[in-house]
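# Breakdown of the fold
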Amino acid sequence: MQGSRRTQFPSPAVDWMVPLHAARVLTLGGPASLPRLLSSSGHRVFAVDKNVDHVEQLHADPRLVTVAAEAESLPFEPCQFDAVVAHQVFHRFAPGLVLSEMARVLRPGGTASVSYLVRDDSVPWVRRLVSLLRQVDDDIMRGDYGTDSVAALVESKYFPRVESRDFRVWQPINRAGLQAMVAAQPAVAALDDDLRQLVLGDVQELYDRSAPGADDLRLPYQLRVWRAWVDHQELTAPIDLSDDGLVIPL
């Protein structure tokens with residue numbers, strides 16, 4: 001039960017991810033909505049994805065420069081970007097490779113931002129839903145979002161200064177949408193028809209009690225963002241910038 005693919009990014013979160021105005025930004029995989037939003041915010045956006053279909057989808061937006069490539073082996077010269085952003089995908093990368101590549105392509109003073117959308121179970125109706133579904137499966141809705149992978153960024157010698165902030169996101173959902181989301185849970189889908197209909201009936205009753213007279217409920221999420229500043233001194237091949245141009249000692 002993670003967030004809808006159409007979930008909107010709060011504007012303050014986007015501004016915090018990329019603190020510079022009109023920056024040159026590299027996005028690493030993730031949903032198409034973020035590079036488009038960054039472009040709409042005035043940034044020059046380069047979008048990298050190893051999935052060719054995703055690259056073709058992004059290529060339809062003339063504001064974006066799209067590249068099919070691995071995040072662990074970026075096809076760019078050093079010091080090309082003010083910011084590198086990875087949303088919902090950092091756990092898919094090899095940290096020992098991707099972090100050095102992120103550092104290499106960043107300009108001095110540049111930032112790397114990693115973010116994840118995490119369900120907030122503190123809202124009462126969501127707690128009741130979780131409790132209901134865990135009568136079916138103790139492990140359902142455990143929320144393995146990939147955030148544990150961010151420890152590699154926090155501990156990285158390439159990014160010694162790291163900050164984090166959470167931003168509230170509300171995702172509207174109607175009764176049919178909630179039932180469809182619950183029905184798609186593997187543990188629920190595996191039930192026999194009678195038990196599945198019983199669970200879905202309980203979900204409908206929970207919805208009706210939680211949103212009397214309302215058009216829909218709102219699923220609560222936190223957009224968790226980590227922002228880190230690059231330090232080129234720790235790169236295997238240090239990057240020195242001089243008045244004569246870029247020099248990479250070997």
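Residues numbered from 1 in each chain as written. Predicted model: local features only at pLDDT ≥ 70, side-chain atom pairs only at ≥ 80, totals over all residues. Heavy atoms only, no water.

## Details of the overall build of the chain
Put simply, the rule is: Secondary structure elements follow DSSP: runs of H or I no shorter than four residues count as helices, runs of E no shorter than two count as strands, and numbering proceeds from the N terminus. Any residue under 20% of the maximum accessible area for its type is buried, any over 50% is exposed, and the rest in between are partly exposed; the area is computed with a 1.4 Å probe on protein chains only. The contact criterion used throughout is that any non-hydrogen atoms of two residues lie within 4.5 Å. Shrake-Rupley sampling with a 1.4 Å probe provides the accessible areas, and residues are treated as covered by the protein chains on show and by no other component.
Of the regular secondary structure elements, the chain holds 9 helices and 9 strands. Taken over 250 residues, the chain has a buried fraction of 48%. Here the contacts in the chain between residues at least 6 apart in sequence split such that 73% fall between residues at least 24 apart. In the form shown here, the chain has an accessible surface area of approximately 12700 Å², with 48% of it arising from carbon and sulfur atoms.

## Description of the packing of helix 7 (residues 175-183) against helix 9 (residues 193-210)
Under the convention used in this document: Geometry is summarised by axes, namely lines fitted to C-alpha atoms with helices restricted to the contacting stretch, and by angles between N-to-C directions that run from 0 to 180 degrees. Two helices cross in a left-handed way if the nearer one is turned anticlockwise from the farther one by less than a right angle. They cross in a right-handed way if the turn is clockwise.
Between helix 7 and helix 9, the shortest axis-to-axis distance is 10 Å and the interhelical angle comes to 145 degrees. Between helix 7 and helix 9 lies a crossing of right-handed hand. Listed contacts from helix 9 to R175, L178, Q179, V182 and A183 of helix 7 are V199, L200, V203, Q204, Y207 and D208.

## Topic: the sheet that holds strand 7 (residues 217-229)
Operational definition: DSSP calls a pair of strands paired once it identifies at least 2 bridges connecting them.
The 7 strands are arranged 3-2-1-4-5-7-6 in an open sheet whose pairing can be described as mixed. Single-partner strands in this sheet number two, and they are strand 3 (65-68) and strand 6 (161-173). On average, adjacent strands in this sheet sit at an angle of 20 degrees to one another, irrespective of strand direction. Relative to strand 5 (residues 106-119), strand 4 (residues 81-87) runs parallel, the two being bridged by 6 bridges. Bridge assignment links V85 to a residue of strand 5, and that residue is S113. Its contacts with the sheet put helix 2 (residues 33-40) on strand 1 (24-28), strand 2 (44-49) and strand 4, and the angle it makes with strand 2 is roughly 170 degrees. The strands that helix 4 (residues 95-105) touches are strand 1, strand 4 and strand 5; relative to strand 5, the one it contacts most, it runs at about 135 degrees.

## Here's the deal with the pairing of strand 3
The cut-off we apply is this: By convention, orient the strands away from the viewer: a clockwise path from the first strand over the helix to the second makes the crossover right-handed.
Note: strand 2 against strand 3, 4 bridges, orientation parallel. Opposite F46, over in strand 3, you have V65 as the bridge partner. Regarding the hand of the β-α-β motif, the stretch spanning strand 2, helix 3 (residues 52-59) and strand 3 is right-handed.

## Side note on the pattern of salt bridges
In plain terms, the rule: Any carboxyl oxygen of Asp or Glu within 4 Å of a side-chain nitrogen of Lys or Arg constitutes a salt bridge here.
Under the defined criterion, the tally for this structure stands at 12 salt bridges. Here R196 makes a salt bridge to D193, at a shortest N to O gap of 2.4 Å. Of this pair, R196 and D193 both sit in helix 9, 3 residues apart, roughly one helical turn.

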